[in-house]
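In case you want the letters, here they are:
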Amino acid sequence: AAVTLMFPIAVQFINSTGINTKSVLFTLMLAASSSFATPIGYQTNLLVWGPGGYTPGDFFRFGFPLMIISCVITVPLSYILWGSILGSE
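The structure contained in this document is the topic of the report that follows.

Procedures and definitions
Residues numbered from 1 in each chain as written. Predicted model: local features only at pLDDT ≥ 70, side-chain atom pairs only at ≥ 80, totals over all residues. Heavy atoms only, no water. Axes fitted to C-alpha atoms, helices over the stretch in contact; angles between N-to-C directions. Helix = DSSP H or I, 4+ residues; strand = E, 2+ residues; numbered from the N terminus. Left-handed = near helix turned anticlockwise from the far one by under 90°. Contact = heavy atoms within 4.5 Å. Nonpolar A, V, L, I, M, F, W, Y, C, P; charged D, E, K, R; others polar. Buried < 20%, exposed > 50% of the residue type's maximum accessible area, 1.4 Å probe, protein only.

## Quick look at the packing of helix α2 (residues 21–32) against helix α4 (residues 56–82)
Moving on, step 1. Direction vectors running N to C along α2 and α4 enclose 145°, while the axes themselves pass 9 Å from each other. The handedness of the crossing between α2 and α4 comes out as right-handed. When α2 is examined against α4, the residues Lys-22, Ser-23, Phe-26, Thr-27 and Leu-30 are found in contact with a partner set consisting of Thr-74, Leu-77, Ser-78 and Trp-82.
Moving on, step 2. When its residues are assigned to classes, the contact of α2 with α4 shows four nonpolar, four polar and one charged.

## Things to note about the environment of Gly-50
Moving on, step 1. On the secondary structure map, Gly-50 appears in helix α3 (residues 43–52).
Moving on, step 2. Relative accessible area serves as the criterion here: at 57%, Gly-50 is assigned to the exposed category.
Moving on, step 3. The sequence separation of Gly-50 and Ala-32 amounts to 18 residues, and the corresponding C-alpha distance is 24 Å.

Here it is, written out as structure tokens:
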């Protein structure tokens, strides 16, 4: 659902700024799959929440650093894979 809402915004952003399409869509794709910090972020989180005796704080404690690591890796990787952010496809 998040990608469905953000995709038109990303396309408008790409069209208005001229940023590399693959770079922006790669970042959008990885951002949409980063649902580590809440127990309701993904089905697997819900499956282990009750039986594992986890609290929402546990998901935040381990999920938030994973989201930060994912963000820190995504931007440079996007630049490495598709070269200059501005310019050709």
